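Observations on the three-dimensional arrangement
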Amino acid sequence: MVAFIERATDDPIAHALLTEYFTSRELGFTGGTYRIVHPDPARFTPPAGVFLVVEDDEGRPVGCGGIRSLDPTRFEVKHLFLRPETRGRGWGGSLLRELERRAADLGAVDIVLDTNSSLASAAALYRSAGYEDVEPYNDNPNATNWYRKVLAD
């Protein structure tokens, strides 16, 4: 069982996980230079958004992810990450569902995200969770794929 703990993106634990995430992305990035931008804590603080640290059943931080508002009814998933040794346990799907739930609680009708084609397992997770391909909604130079899911009608 995992726990989802709200933390500011500049909290030392959250910041360390984000740094680990960005480093892993940079090392595996194809198609140019990976651009690292540490998230503004205000964009991930309710009601603008939320940032969660994933803790395993022993209370160890093992991952993170957040949502932020793009407009009052559209939120974006950002920085979904689990340490490699925890993958394959369904925790990524649990984290994604928790972020979707929190986005809906904050008024989201739909949720979007972007990713890179080099992250095949991430794409599989998003598709299995009901996300569909959409045209680019931002100019993120690290992204090659954009997705959307309707949360409410």
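Now for a quick tour of the structure. (Residues numbered from 1 in each chain as written. Predicted model: local features only at pLDDT ≥ 70, side-chain atom pairs only at ≥ 80, totals over all residues. Heavy atoms only, no water.)

Regarding the packing of aromatic side chains
Applying the stated rule across the entire model yields 5 aromatic pairs. What links up through ring pairs into an aromatic cluster is the set Tyr21, Phe22 and Phe81. One Lys or Arg, arginine 89, reaches over the ring of tryptophan 91 and ends 4.9 Å from the middle of that ring. (Phe/Tyr/Trp six-rings, centres within 6.5 Å; stacked < 30°, edge-to-face > 60°. Lys NZ or Arg CZ within 6 Å of the ring centre and 35° of its normal.)

A few points about the side chain of asparagine 140
In this fold, asparagine 140 is placed in the loop between strand E6 (132-133) and strand E7 (145-150). If near-sequence neighbours (up to four positions away) are discounted, asparagine 140 is found in contact with Lys78, Asp114 and Trp146. (Helix = DSSP H or I, 4+ residues; strand = E, 2+ residues; numbered from the N terminus. Contact = heavy atoms within 4.5 Å.)

What to know about the sheet that holds strand E3 (residues 61-71)
With mixed pairing, the 7 strands of this open sheet are ordered in space as E1-E2-E3-E4-E5-E7-E6. One side of each edge strand has no neighbouring strand; the edge strands of this open sheet are strand E1 (3-6) and E6. Relative to strand E2 (residues 49-55), E1 is paired through 4 bridges, and the arrangement is antiparallel. Each residue of the ladder has a partner; that of alanine 3, found in E2, is glutamate 55. (Pairing = 2+ DSSP bridges.)

So, the nonpolar core
Ranked by size, the top nonpolar core spans 23 residues in total, and within it Ile67, Val77, Leu99, Ile111, Tyr126 and Tyr131 carry the most contacts. Ranked by residues supplied to this core, first place goes to helix H2 (residues 91-105) with 5 residues. In this structure leucine 99 touches Leu52, Gly65, Gly66, Ile67, Val77 and Leu80, once residues within four positions along its chain are discounted. The next biggest cluster of nonpolar side chains, apart from the first, holds 10 residues, and it includes Ala14, Leu18, Phe22 and Phe44. (Core = buried A, V, L, I, M, F, W, Y, C linked by side-chain atoms within 4.5 Å. Buried < 20%, exposed > 50% of the residue type's maximum accessible area, 1.4 Å probe, protein only.)

Topic: the pairing of E3
Within E3, 8 of the 11 residues are buried, which leaves the element mostly enclosed by the surrounding structure. Adjacent in sequence and paired antiparallel, E2 and E3 are bridged by 5 residues, among which glycine 59 carries a positive phi angle near 80°. Judged from the 7 bridges that link them, E3 and strand E4 (residues 74-82) form a sheet pairing that is antiparallel. Along E4, the bridge assignment pairs glycine 63 with leucine 82. Counted between consecutive antiparallel strands, the loop separating E3 from E4 contains 2 residues.

In short, geometric facts, not functional conclusions.
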